[in-house]
Amino acid sequence: MKDAGPQAIHLSDYAPPPWLVETVHLTFRLDPQSTRVLSRIRFRRNPAVPGDHDLWLDGEKLTLTRAAIDGQPLDLVPESTGLRVPAALLPADGFEWTAEVSIAPAENTTLMGLYMSKGMYCTQCEAEGFRKITYYPDRPDVMARFHVRIEGDLPVLLSNGNPAGSGDGWAEWEDPWPKPSYLFALVAGDLVAHSGSFTTASGRDVALNIWVRPGDETKCAYALDSLIRSMRWDEEVYGREYDLDVFNIVAVDDFNMGAMENKGLNIFNSRYVLASPETATDQDYENIERIIAHEYFHNWTGNRITCRDWFQLCLKEGLTVYRDQQFSGDMRSHAVKRIEDVLTLRTRQFREDGGPLAHNVRPESYVEINNFYTATVYEKGAEVIGMLRRLVGADAYDAALRLYFERHDGQACTIEDWIAVFEDATHRDLSQFKRWYTQAGTPRLRVSEDWDDGTLTLTFRQWVPPTPGQPLKEAMPIPVALGLLAPDGTEVQPTVVLELTDPEQSFRFEGLAERPVPSILRGFSAPVILERDQSVEERAFLLAHDTDPFNRWEAGRSLARDVLADMATNGSEPPQLFFDGLRSLLGDRTLDPAFVALALRLPSEEAIAEHLHGQGHTPDPAAIHTARRRLSLLRAQDLAADLGCRYHEMMVPGPYSPDAGPAGRRALRNAALAALSQLDGGARAAEQFYGADNMTEQLAALSALLEIGAGETELAAFHDRWKGDRLVMDKWFSLQAMLAPPDRAASVARTLAGHPAFDWKNPNRFRALIGGLAANAAGFHDPSGDCYRFVADWLLRLDPLNPQMAARMSTAFETWGRYDGGRQTLIRQELSRIEATEGLSRDLREMVMRMLG
Ligand code: ARG
Ligand code: ZN
């Protein structure tokens, strides 16, 4: 990577800590303006680092009132980022550090370290938040046992581990498992629990609590149920048991990310905990299940085995995402889950990988680590694990994971450790495979076919485009799952995995009676862009006959994409075959409705822009918007009868259930509704809106109305009904920003920003509006540049308060390089204006500098 500035930290500079920590005793005297934190820390020399070394303790925005070593007071002058104790003052075989600092949680707007959310104390320490709580070697390779005492006038006082006593105004917690400081957590507040229990395979009884603000306890049942299923699944599939007597989850309204896996005390953004049929959509329920599982799975992949340094983030995140994907697939449908995961990967990660923010799955340098909690680390990190499993096979994967847990339990590890486990378990040389961790960019794979007298030859050529700091690339190992179908639709070659290792490689299939149709990259077996000249007929054939559900969906998807790309660039008309293919899919009652719903979803405007750019065109957001709307209308006209039929058929009677079956039926029904609304002026949608008894149906109806430029009355009704519910109001904001007509997007966004409920300091609300607008492709890229200015203004306003959120939302601009000169200039002007701003945070500065290149 290109050096991102003077303060960049490099993987190659890693040095082990000279001082290790055995035990930490913390006492918190809680107060909004002046919380006192007393620490007593037992240090010992790291035998692996010879020589005399100073002690470096990270610390930021702390007021130090006293410090001592083995009881001897020290007179230290803190630096802005920490404290240095000279080696001369440190007893050779170890010592006890004691200190007292004071902090002001009520003034902490960064939502990192100890902060307050509506009267509740809460922490977020990953990646480097603990240093805002007390002086400490705040790095993941320092693991210690924590004992915590909390004193405060609040009914619920929580920390990591097991309870170790409590009384009026105090509680103590003991965590027996050594952990890095980023897994520390504390919560204090007026909370109530929705409780349950779980007995582990070896008979340990675990108390489970979901802590929420009073009134919300009726919305926790699904989260608890998801937790119990996750605990059982990890025992059954990975042989991993829970290891404490309690497992606490807390929901908090002000939270920068999704959730956090603190040992025994997971803290969640409330949107990923709270759900009732009236307020949460099927998608919300699915997210809750997935994220509860994700954080729980971290107990082994992240907590028991953690990362040596932050460059290794994908070691825990890629693996844990992969595990939560497996879990969701087991709970629901693997085919549908795979399609959804690939959609996410393409929307977020391919976009990142193809722009100025591209970086390795394991980055090699950073300025601000919070900027690397990315789709590349998480989602591509998970794809890399999926490829590894495909290459070595399921049994060898299981054996390698067993070895990983056995060999590295209690350690802080690297990607090298991870790969060595697979090499030792399988006796394979994985040195080329490691390139997936060390080379950025999405590989492109071009396939050509040759048919000659019963032999099909497939030739693959791969190419990895240059990315910032990596102009030249080496060939990637690419597992290509492939099958062959005869013209009558029978499979003549069941799925095989071809292992590409060279820039160009050919594979021959002999003794074939007729020329088959190849189904390539089944299950999306590698995160690459497949380039193939394929006729409309062949795609329609695969859409009708492929035995691999992913590729069946992909055939329709790539057809829709090409049709839209043509319509947007040369105003051509869609081929009838496209509608016919969809008609037979829509009429096939053997298919899972959730699958059909996904097959009906047209590629997003963003996806078409990315595709056109990849084909050497300059995408025109307005033309893409028009083309997509037109295709959607023509499709509705062509399939009106079939859609109407399915709309009625897919009605889900009885009480609401978030399970995959009924959710899939609602997804298909709502897809039909959106299409039909273009023909009936919104009559059905209005009826569904007022008649709905669940949020999935109500929100889909509102969205269908907004898409046809109607729904003013319903928006107002929705507002009045839900103004007291924060999570539902986020939907109200984001939907309007996302679906505003392109030429009115800026004015709609300005009006929303002026609404009294636009609490911009709340990350969910900020994301709803600013993120919603950025997702409105044609609106955001309106040639006036109004939306660019609007978003830049808001980033500048948020940055002094919450740099992490501001930096994250700045990725709205990462695709500037795709567009025409006019838009490029407008976006770069905004980025330069941000860059030139006095006192910009390190977070946002790094992002803007990388985007400007
Ligand atoms: N480890 C958390 C997860 O489950 C994410 C925490 C990210 N926090 C941050 N400040 N960047 O994925
Ligand atoms: Zn995670």
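Predicted model only: the values in this text are computed from it and were never measured. (Residues numbered from 1 in each chain as written. Chains lettered and ligands numbered in written order. Predicted model: local features only at pLDDT ≥ 70, side-chain atom pairs only at ≥ 80, totals over all residues.)

**Points about the overall build of the chain**
Alright, step 1. Counting its regular elements, the chain contains 27 helices and 30 strands.
Alright, step 2. Relative to the globule expectation of 29 Å for 853 residues, the C-alpha radius of gyration of the chain, 27 Å, shows essentially globular dimensions.
Alright, step 3. Principal-axis analysis of the C-alpha atoms places the extent of the chain at approximately 85 × 65 × 60 Å.
Alright, step 4. Across the 853 residues in the chain, those meeting the buried criterion constitute 51%.
Alright, step 5. Restricting to contacts in the chain with at least 6 residues of sequence separation, those with at least 24 account for 71%. (Helix = DSSP H or I, 4+ residues; strand = E, 2+ residues; numbered from the N terminus. Rg over C-alpha atoms; globule rule 2.2 N^0.38 Å. Buried ≥ 20, exposed ≤ 12 C-beta atoms within 10 Å, placed from the backbone. Contact = placed C-beta atoms within 7 Å.)

**Some remarks on the site of ligand 1**
Alright, step 1. Around ligand 1, the structure places Glu126, Ala127, Asn256, Met257, Ala259, Met260, Glu261, His294, Glu295, Glu317, Asn370 and Tyr373.
Alright, step 2. Breaking the shell around ligand 1 down by element, the ones donating at least two residues are strand E19 (259–260) and helix H2 (282–297).
Alright, step 3. Of the residues that constitute the shell around ligand 1, the class distribution is 5 nonpolar, 3 polar and 4 charged. (Near = placed C-beta within 6 Å. Nonpolar A, V, L, I, M, F, W, Y, C, P; charged D, E, K, R; others polar.)

**Remarks on the sheet that holds strand E14 (residues 170–179)**
Alright, step 1. With mixed pairing, 8 strands are arranged side by side in an open sheet as E6-E5-E8-E3-E2-E11-E14-E13. Among the strands making up the open sheet, the edge pair consists of strand E6 (72–73) and strand E13 (162–167).
Alright, step 2. Inspection of the sheet shows strand E2 (residues 19–29) paired to strand E11 (residues 144–151) by 7 bridges, in the parallel sense. Across the sheet, the residue bridging to valine 24 is phenylalanine 146, located in E11. (Pairing = 2+ DSSP bridges.)

**Details of the domain arrangement of the chain**
Alright, step 1. By domain assignment, the chain separates into domain 1 (19–217 + 230–267), domain 2 (306–438), domain 3 (444–526) and domain 4 (723–853).
Alright, step 2. Centre-to-centre, using C-alpha coordinates, domain 1 lies 51 Å away from domain 3. (Domains from an automatic or database assignment.)

**Points about the UniProt feature "domain: Peptidase M1 membrane alanine aminopeptidase" (unreviewed entry) in the chain**
Alright, step 1. Here the UniProt feature "domain: Peptidase M1 membrane alanine aminopeptidase" (unreviewed entry) sits at residues 222–436.
Alright, step 2. Annotated as 55% helix and 9% strand, the span residues 222–436 places its first and last C-alpha atoms 37 Å apart. (UniProt positions renumbered as here; feature names shortened; annotations may be inferred.)

**Considerations on the environment of phenylalanine 766**
Alright, step 1. Structurally, phenylalanine 766 can be placed in helix H22 (residues 763–774).
Alright, step 2. Phenylalanine 766 sits 40 residues away from alanine 806 along the chain, and the two C-alpha atoms are 9.5 Å apart.
Alright, step 3. Non-local contacts of phenylalanine 766, meaning those with residues more than four positions away in its chain, are made with Trp760, Leu798 and Met805.

**What to know about the nonpolar core**
Alright, step 1. Among the nonpolar cores identified, the biggest contains 255 residues, and Leu186, Val187, Ala223, Ile267, Val273, Leu773 and Val791 are the most heavily contacted of them.
Alright, step 2. With sequence-adjacent residues up to four places away left out, leucine 773 is seen in contact with Ala737, Ala745, Ala749, Gly779, Phe780, Cys787 and Val791. (Core = buried A, V, L, I, M, F, W, Y, C linked by C-beta atoms within 7 Å.)

**Some points on helix H18 (residues 695–707)**
Helical periodicity: at 3.6 residues per turn, an α-helix aligns residues three or four positions apart in one direction.
Alright, step 1. With 13 residues, H18 extends 18 Å between its outermost C-alpha atoms, agreeing within 8% with the 18 Å of an ideal straight helix rising 1.5 Å per residue.
Alright, step 2. Burial analysis of H18 places 13 of its 13 residues in the buried class, which makes it a mostly covered element.
Alright, step 3. Looking at the residues trailing H18, positive phi occurs at glycine 709, about 80 degrees. (Expected span 1.5 Å × (residues − 1).)

**Quick look at the pairing of strand E27 (residues 491–500)**
Alright, step 1. Pairing of strand E26 (residues 478–485) with E27, which is carried by 7 bridges, proceeds in the antiparallel orientation. By the bridge assignment, proline 479 is partnered in E27 with glutamate 499.
Alright, step 2. Here E26 folds back onto E27, and the loop between the two strands holds 5 residues, one of which, glycine 489, carries a positive phi near 95 degrees.

**Remarks on the confidence of the model for the chain**
Alright, step 1. Per-residue confidence for the chain gives a mean pLDDT of 98; residues scoring 70 or more make up 99%.
Alright, step 2. In the model output, the complex is listed with pTM 0.98 alongside ipTM 0.98. (pLDDT = per-residue confidence, 0-100.)

**Brief notes about the sheet that holds strand E28 (residues 504–509)**
Alright, step 1. Judged by pairing direction, the sheet is mixed, and its 4 strands sit side by side in the order E28-E25-E24-E30 without closing on themselves. Each having just a single partner strand, E28 and strand E30 (529–531) make up the two edges of the open sheet. Geometrically, the sheet is characterised by an average inter-axis angle of 25 degrees between neighbouring strands, direction not taken into account.
Alright, step 2. The pairing of strand E24 (residues 444–452) with E30 spans 3 bridges and is classified as parallel. Considered in E30, the bridge of arginine 444 is made with isoleucine 529. (Axes fitted to C-alpha atoms, helices over the stretch in contact; angles between N-to-C directions.)

**Let's talk about the packing of helix H12 (residues 593–600) against helix H16 (residues 660–680)**
Alright, step 1. Taken N-terminus to C-terminus, the directions of H12 and H16 make an angle of 35 degrees; their axes are 7 Å apart at the nearest point. Considering the relative orientation of H12 and H16, their crossing is left-handed. Two secondary-structure elements touch here, H12 through Pro593, Ala594, Val596, Ala597 and Leu600 and H16 through Ala660, Ala663, Gly664, Arg665, Ala667, Leu668 and Ala671.
Alright, step 2. Split by residue class, the contact of H12 with H16 holds 10 nonpolar, 1 polar and 1 charged. (Left-handed = near helix turned anticlockwise from the far one by under 90°.)

**Some words on helix H24 (residues 786–798)**
Alright, step 1. Over its 13 residues, H24 runs 19 Å from end to end, which matches the ideal 18 Å to within 8%, given 1.5 Å per residue.
Alright, step 2. For H24, the complete set of buried residues consists of Cys787, Tyr788, Phe790, Val791, Ala792, Leu795 and Leu798.
Alright, step 3. Buried residues belonging to H24 abut helix H21 (745–753), H22, helix H23 (777–780), helix H25 (803–809), helix H26 (821–835) and helix H27 (842–852).

**Quick look at the UniProt feature "domain: Peptidase M1 alanyl aminopeptidase C-terminal" (unreviewed entry) in the chain**
Alright, step 1. UniProt records the feature "domain: Peptidase M1 alanyl aminopeptidase C-terminal" (unreviewed entry) for residues 537–852 in the present numbering.
Alright, step 2. Strand forms 0% of residues 537–852 and helix 72%; the C-alpha atoms that close the span are 43 Å apart.

**Topic: the environment of isoleucine 249**
Alright, step 1. Inspection of the secondary structure puts isoleucine 249 in strand E18 (residues 246–252).
Alright, step 2. The spatial distance from the C-alpha of isoleucine 249 to the C-alpha of valine 273 is 8.9 Å, given a sequence separation of 24 residues.
Alright, step 3. When residues no more than four places from it in sequence are discounted, the contact partners of isoleucine 249 are Ile210, Trp211, Ala223, Leu227, Asn266, Phe268 and Val273.

**Section: unusual backbone geometry**
Alright, step 1. That bond from glutamate 126 to alanine 127 is cis: its omega, 0 degrees, falls within 30 degrees of zero.
Alright, step 2. Within the fold, alanine 127 resides in the loop between strand E10 (120–124) and E11.
Alright, step 3. With phi around 50 degrees, aspartate 453 is a residue other than glycine that occupies positive phi space.
Alright, step 4. Judged by local crowding, aspartate 453 falls into the exposed class, with 6 C-beta atoms found within 10 Å.

**Quick look at the packing of H26 against H27**
Alright, step 1. As a packed pair, H26 and H27 sit with axes 9 Å apart at the nearest point and diverge in direction by 145 degrees. Of the two possible hands of crossing, H26 and H27 adopt the one that is left-handed. Between H26 and H27, the contacting residues are Arg828, Leu831, Ser832, Ile834 and Glu835 on the first element and Leu844, Arg845, Val848, Met849, Met851 and Leu852 on the second.
Alright, step 2. Its residues assigned to classes, the contact of H26 with H27 shows 7 nonpolar, 1 polar and 3 charged.

**Describing the pairing of strand E5 (residues 63–69)**
Alright, step 1. Two elements, E5 and strand E8 (residues 95–103), share 6 bridges in a ladder whose sense is antiparallel. Residue pairing for E8: alanine 68 is matched across the bridge by threonine 98.

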